[in-house]
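Single-letter residue listing:
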Amino acid sequence: MAVSTGFYKKIKAWVTDDDARLAFRPFQVDGNPYKSSIFVVGAFAAPKIESDTTDERVYIDALVNGLLFDEMYGYEMKQKSREYFGMTYFMEWLQQELDEHAIATYINTLQIQGAQELKRVHKEAPDLYKRGQVIFQEVVEEFQPRFIILQGTEAVQQFRANFAEQLTDYYSKVSKVQELEELGIFAELNCKNGNTVKILACRSMSYYGKEGKAFQAFKDKLQAIFNATGK
């Protein structure tokens with residue numbers, strides 16, 4: 001997808017911090033994000049991209065070009081993160097089986113190396129931490145997906161906390177992600193423009209692997225829900 005001037009400015013506001021550093025990973029998709037029906041959402045944007053080839057233009061272009069992103073950063077990220085490794089194969093399944101170019105994003109879009117660094121940033125740079133959360137909220141409101149799939153317990157907990165006022169949670173007392181995975185749609189997010197997003201959850205993509213055999217029941221449920229609701 002060619003990034004227009006206007007869209008480039010919007011993405012730039014999502015990727016840079018006050019010092020113009022590429023601090024955030026707001027989303028990643030292969031194609032036009034406005035045509036994506038599904039968000040696959042982790043808790044935080046790890047690992048942090050450290051490639052020497054990262055510059056603003058290349059980075060922004062790569063966020064909407066799956067091949068470019070994989071060429072530039074894929075090896076580095078797959079080596080550092082089992083979650084990212086599994087997520088890429090899950091998103092390939094979504095493309096093959098549902099003809100869906102899903103968006104990968106995070107409850108906190110600040111690029112970090114891991115959970116301990118995120119805790120440190122939360123304490124030492126709370127404004128930067130908060131901006132990482134706000135960007136995700138802006139991305140959801142901008143692209144308006146039909147479905148959000150929260151992967152992992154932390155993502156579910158943070159999503160419930162951050163969107164409490166907008167969320168209709170049908171199973172609010174269920175906290176185990178395995179149980180939410182079996183339930184299918186467990187909540188609905190009421191967007192500011194009146195649209196409603198259906199919320200599902202699954203285990204962390206770090207357990208997915210290449211084939212996702214342990215996720216087969218979830219994939220079957222998702223496919224049935226997606227097909228039943230239509231494009």
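The structure we're discussing is the one just above.
Throughout what follows, the structure given in this document is the object of discussion. (Residues numbered from 1 in each chain as written. Predicted model: local features only at pLDDT ≥ 70, side-chain atom pairs only at ≥ 80, totals over all residues. Heavy atoms only, no water.)

## Some words on the sheet that holds strand β5 (residues 187-190)
With mixed pairing, the 6 strands of this open sheet are ordered in space as β2-β1-β3-β6-β5-β4. The open sheet has two edge strands, β2 (103-111) and β4 (167-169), and neither has a second partner. Each neighbouring strand pair of the sheet contributes to a mean axis angle of 25°, computed without reference to strand direction. Where helix α4 (residues 82-98) meets the sheet, it contacts β1 (38-45), β2 and β3 (147-151), and its direction lies at approximately 175° from that of β1. The sheet contacts of helix α9 (residues 216-229) involve β1, β3 and β6 (196-202), and relative to β6 the element is tilted by about 165°. (Pairing = 2+ DSSP bridges. Helix = DSSP H or I, 4+ residues; strand = E, 2+ residues; numbered from the N terminus. Axes fitted to C-alpha atoms, helices over the stretch in contact; angles between N-to-C directions. Contact = heavy atoms within 4.5 Å.)

## Looking at the pairing of β1
The buried count for β1 comes to 7 of 8 residues, which makes it a mostly enclosed element. One ladder, built from 4 bridges, connects β1 with β3; its direction is parallel. By the bridge assignment for β3, F39 is matched with I148. As judged from the 6 bridges shared by β1 and β2, these two strands associate in the parallel manner. Opposite A45, over in β2, you have Q111 as the bridge partner. (Buried < 20%, exposed > 50% of the residue type's maximum accessible area, 1.4 Å probe, protein only.)

## Quick notes on the pattern of salt bridges
Taken as a whole and judged by the stated rule, the model has 15 salt bridges. The partner of E76 in a salt bridge is K80, with the nearest N and O atoms 3.5 Å apart. Residue E76 and its partner K80 are both found in helix α3 (residues 66-80); the two are separated by 4 residues, about one turn of the helix. In this structure K80 comes out as partly exposed when scored by relative accessible area, which is 41%. It is possible to trace a salt-bridge network through shared partners that takes in D17, D19 and R21. (Salt bridge = Lys/Arg side-chain N within 4 Å of Asp/Glu carboxyl O.)

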